[in-house]
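Each chain is listed here by its residues.
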Amino acid sequence: MLAAVMLIAGCKTAPPSTSGQPASSQPRQPAPNAATKAAATKANLAVEKLRLAELFRGTPVLFALQPDGSLRAEVPLQFSFDAGKALVKPPLAAVLDRIAAGQLHEVTQVVVHGPLDPADKGAALAGDRAASVQAYLVAHGLAAARVAVSNLAGAPLVRIVVTDAAAP
């Protein structure tokens, strides 16, 4: 009989919580605000910069954090496009593959600056090149709404800036 009493006592439920929550539930964490999300994105971009810089060590590709916390990647024109063409070359494709994979599940905006060709003074080619990079990133999983294009007048490189989507 003593064993039966102890067995029943062991099955007794916990007393009700005085806070109004069940004793087994954890306290709810407050939802992160915009500033917290932005800080987390900037921290993720800093880690991404380190990862990419290590992957492309020894190449002419530059990765840098900008003062606003965004990540800037620069690929020289000779490794990005053939003269007078807008088709992405394999070295630029390697960079874009890593950026697309790293940003696939992040809340970021990507701005692509297309390079002018020193032999071709027209801005149309720079726009075509930026659109080609945008199409490449979209084909590799980034939403088209997250990838904007811009011409980078006079610069002989492709510049890609990844920033917090909420940033102006």
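Residues numbered from 1 in each chain as written. Predicted model: local features only at pLDDT ≥ 70, side-chain atom pairs only at ≥ 80, totals over all residues. Heavy atoms only, no water.

**Student:** Please provide a residue-by-residue account of the nonpolar core, values included.
**Tutor:** One finds Val-133 and Leu-137 to be the most contacted residues of the largest nonpolar core, which totals 28 residues. For this core, the elements supplying multiple residues, two or more each, are helix 2 (34-55), strand 2 (71-76), helix 3 (90-103), strand 3 (108-115), helix 4 (123-139) and strand 5 (157-164). If you tally residues by element for this core, the top one is helix 3, at 6 residues. Those residues within four positions of Leu-137 in sequence are excluded, and the remaining contacts are Leu-96, Ala-100, Val-110, Val-112, Leu-142 and Val-147. (Core = buried A, V, L, I, M, F, W, Y, C linked by side-chain atoms within 4.5 Å. Buried < 20%, exposed > 50% of the residue type's maximum accessible area, 1.4 Å probe, protein only. Helix = DSSP H or I, 4+ residues; strand = E, 2+ residues; numbered from the N terminus. Contact = heavy atoms within 4.5 Å.)

**Student:** Explain helix 4 to me, and be specific about the residues and the numbers.
**Tutor:** Between its first and last C-alpha, helix 4 extends 24 Å over 17 residues, near the 24 Å set by a 1.5 Å rise per residue. Among the residues of helix 4, those classed as buried are Leu-125, Ala-126, Arg-129, Ala-130, Ser-132, Val-133, Tyr-136 and Leu-137. Summarising the axial view, the buried residues of helix 4 lie within an arc of 155 degrees, below the 170-degree limit, and thus occupy one face. Along helix 4, exposed side chains directed more than 90 degrees from the buried face belong to Ala-124 and Ala-139. (Expected span 1.5 Å × (residues − 1). Arc of directions from axis to C-beta.)

**Student:** Tell me what's going on with the environment of Ala-43, and back it up with residues and numbers.
**Tutor:** Considering the arrangement of structural elements, one finds Ala-43 in helix 2. What makes Ala-43 partly exposed here is its relative accessible area of 41%.

**Student:** Give a description of the packing of helix 3 against helix 4 that names residues and reports values.
**Tutor:** Between helix 3 and helix 4, the least distance of the axes is 9 Å, while the angle of their chain directions is 45 degrees. Taken as axis vectors, helix 3 and helix 4 run oblique relative to one another. For helix 3 against helix 4, the interelement crossing comes out right-handed. Listed contacts from helix 4 to Leu-92, Ala-93, Leu-96, Asp-97 and Ala-100 of helix 3 are Val-133, Tyr-136 and Leu-137. Across the contact of helix 3 with helix 4, the residue classes break down as 7 nonpolar, no polar and 1 charged. (Axes fitted to C-alpha atoms, helices over the stretch in contact; angles between N-to-C directions. Parallel < 35°, antiparallel > 145°, perpendicular 65-115°, else oblique. Left-handed = near helix turned anticlockwise from the far one by under 90°. Nonpolar A, V, L, I, M, F, W, Y, C, P; charged D, E, K, R; others polar.)

**Student:** Account for the environment of Ile-99, naming residues and giving values.
**Tutor:** Tracing the chain through its elements places Ile-99 in helix 3. On the basis of relative accessibility, which here comes to 2%, the residue Ile-99 falls in the buried class.

**Student:** How would you sum up the pairing of strand 2? Please name residues and give values.
**Tutor:** The buried fraction of strand 2 amounts to 5 of the 6 residues, a majority that puts the element mostly inside the structure. What sits between strand 1 (residues 62-65) and strand 2 in their antiparallel hairpin is a turn of 5 residues, with Gly-69 showing a positive phi close to 90 degrees. By the bridge criterion, 6 bridges tie strand 2 to strand 5 in an arrangement that is antiparallel. Bridge pairing in strand 5 links Glu-74 to Arg-159. (Pairing = 2+ DSSP bridges.)

**Student:** So, helix 3: which residues are in play, and what are the values?
**Tutor:** Between its first and last C-alpha atoms helix 3 spans 20 Å; for 14 residues at 1.5 Å apiece the expected length is 20 Å, and the two agree. Along helix 3, the positions that sit buried rather than exposed are Leu-92, Ala-93, Val-95, Leu-96, Ile-99, Ala-100 and Gln-103. Taken end-on, helix 3 shows its buried residues confined to a sector of 160 degrees, consistent with a single buried face. Across helix 3 from its buried face, at more than 90 degrees, point the exposed residues Pro-90 and Ala-101.

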